[in-house]
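# Chain and residue survey
Residue-level listing of the chains:
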Amino acid sequence: MPVQQIAFLVWLLFAIIIAAVFGIIGWRSRQKVDVSPARVNRFRILLLVILLVLSVIFWAYTLPKVPYPTEARQPDMVVFVTGKQFNFGIATHPMPTEKEWEEVVNFGEPVVLPRNKLIEFRVTSLDVNHGFSLYDPDHLLIGQVQAMPGYMNRLRYRFTKPGEYTVLCLEYCGNGHHRMRGAFTVQ
Ligand SMILES: [Cu+2]
């Protein structure tokens, strides 16, 4: 099953559960019930303990997976990305200035990136906020970072699949947003 379909089914499951909880509470609030404050407090403490235990399990499982321990590593290659309505300039030479930007977008050599190397994308924008989103050759979203004017945001990725990668904008940036895209190849 494609990963998008799994994500949709997981979302649907949680949406149904949340809607059901709201529905049940809404339905039950019609009936008058006598509650003892002591019982309610005991139940609250029980819920708090359950939540704490679940949180500790969640942190113990997820904290070792955060990328910070590899932060000190130097990337094998740096790719500069500049968003501008309505295109992405992608270049392996240093960040294009506003003057060079049209050149990078329209006449730049197609960017070819190596496989199994740590690539660092340095992403910025020349006008408004854009969403730099990477799609692999099977059109799966594999990573994204904001392209913001005045900021340089970084996204690190190690490509294992060769082929044509597409960059789409996932932040509404104006009336040409839907056609804003970029591309590069992984060999
Ligand atoms: Cu956009």
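Here the structure is a predicted model, which means the values were calculated and not measured. (Residues numbered from 1 in each chain as written. Predicted model: local features only at pLDDT ≥ 70, side-chain atom pairs only at ≥ 80, totals over all residues.)

Within the protein, the regular secondary structure consists of three helices and nine strands. Counting helices and strands in the order they occur from the N terminus, the protein gives α-α-β-β-α-β-β-β-β-β-β-β. Over its C-alpha atoms the protein spans a radius of gyration of 24 Å, topping by over 25% the 16 Å that the globule rule assigns to 187 residues. Its C-alpha atoms put the protein at 75 × 40 × 35 Å along the principal axes. The proportion of buried residues among the 187 residues of the protein is 18%. In the protein, of all internal contacts separated by at least 6 residues, the share reaching a separation of at least 24 is 62%. (Helix = DSSP H or I, 4+ residues; strand = E, 2+ residues; numbered from the N terminus. Rg over C-alpha atoms; globule rule 2.2 N^0.38 Å. Buried ≥ 20, exposed ≤ 12 C-beta atoms within 10 Å, placed from the backbone. Contact = placed C-beta atoms within 7 Å.)

Turning to the sheet that holds strand S6 (residues 141–147), a few remarks are in order. Overall, mixed pairing links the five strands, which are arranged S3-S9-S8-S5-S6 in an open sheet. The strands lining the two open edges of the sheet, one partner per strand, are strand S3 (112–113) and S6. Pairing analysis gives two bridges linking S3 to strand S9 (residues 181–186), with the strands arranged parallel. By the bridge assignment for S9, valine 112 is matched with threonine 185. (Pairing = 2+ DSSP bridges.)

Our next topic: the domain arrangement of the protein. What the domain assignment lists for the protein is domain 1 (1–31), domain 2 (34–66) and domain 3 (70–186). Taking only C-alpha atoms into account, the centre of domain 1 sits 21 Å from that of domain 2. (Domains from an automatic or database assignment.)

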